[in-house]
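One letter stands for each residue in the lines below.
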Amino acid sequence: MLLGVMTVFSVSLAPAGFVYETDKEFLTTGDFNSDEKLDITIVDKATGRVRLGYRISEDFFSTTDWRSGGLKDVTGVAVGRLRDAKRDSLALVSADANLISLFDAPSTSVPSDAVSIPGTALGPNAVAIVDVGGTNNTPLADLYVASMYNDDPANRVTLFRND
């Protein structure tokens, strides 16, 4: 309670997984098949291939074959509830290829195709999945994409709202 006004705050989205980066890969976690268990993901930077490990118990994962992430030379990865409020998706960007891709993996056995998102700026190099909120907000998160090959100013940020 602040100055006689009570504020109610609730979060409808699960917290996004932190993305780790090595020289050759991105690694992250998320619930990709909506079983409420934390799965793991490896994204190969050079090829854009994605490998998932679906949690089957506290100590074990069932890994998939490599799947196409929809682009190569990946420069950024984010995870969050972009396409379905009950499961996570991956967002991948490639600056040199000028591509943004959304990757879903709801099935442990049937690969799904990545979806390309048309961008308005050049060289998407970083991505974040956040819930912006505001009027007409949906249960799904929104997508921020930073880009670096534009005219003045060279660095831009684009917001893609889920509505």
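This text goes with the structure placed above it.
Residues numbered from 1 in each chain as written. Predicted model: local features only at pLDDT ≥ 70, side-chain atom pairs only at ≥ 80, totals over all residues. Heavy atoms only, no water.

A. Up close: the nonpolar core. In this structure, Val43, Leu52, Val74, Val77, Leu90, Leu92 and Phe103 are the most contacted members of the largest nonpolar core, which totals 14 residues. Listing elements by their share of this core, those giving two or more residues are β4 (49-55), β7 (76-84) and β8 (87-94). Counting residues per element, this core draws most heavily on β4, at three residues. Those residues in contact with Val77 that sit more than four places away from it in its chain are Val19, Phe26, Val43, Leu90, Ala91, Leu92 and Val127. Counting eleven residues, the second-largest nonpolar core is a separate cluster that includes Ala78, Leu82, Ala141 and Val145. (Core = buried A, V, L, I, M, F, W, Y, C linked by side-chain atoms within 4.5 Å. Buried < 20%, exposed > 50% of the residue type's maximum accessible area, 1.4 Å probe, protein only. Helix = DSSP H or I, 4+ residues; strand = E, 2+ residues; numbered from the N terminus. Contact = heavy atoms within 4.5 Å.)

B. Summary view of unusual backbone geometry. Cis rather than trans, the peptide bond between Asp152 and Pro153 has omega equal to -5°. Note that Pro153 resides in the loop between β12 (142-147) and β13 (156-160). In this structure, Glu36 takes a positive phi of about 65° despite not being glycine. With respect to the helices, strands and loops of the structure, Glu36 is situated in the loop between β2 (25-30) and β3 (39-44). On the accessibility criterion, Glu36 (78% relative accessible area) is exposed.

C. Seen up close, the environment of Glu25. Tracing the chain through its elements places Glu25 in strand β2. Along the primary structure Glu25 and Val77 are separated by 52 residues, whereas in three dimensions their C-alpha atoms are 10 Å apart. Beyond its immediate stretch of four places on either side in the chain, Glu25 contacts Tyr20, Ile42, Val43, Asp44 and Lys45.

D. Molecular detail of the sheet that holds β7. Across the sheet, four strands lie side by side as β7-β8-β9-β10; this open sheet has antiparallel pairing. Each edge of the open sheet is held by one strand with a lone partner, namely β7 and β10 (115-117). Across the sheet, the mean angle from the axis of one strand to that of its neighbour is 35°, orientation sign disregarded. In this sheet, β8 lies alongside β7 in antiparallel orientation, the contact comprising six bridges. Residue pairing for β8: Gly76 is matched across the bridge by Val93. (Pairing = 2+ DSSP bridges. Axes fitted to C-alpha atoms, helices over the stretch in contact; angles between N-to-C directions.)

Treat this as a map of the structure, not an account of what it does.
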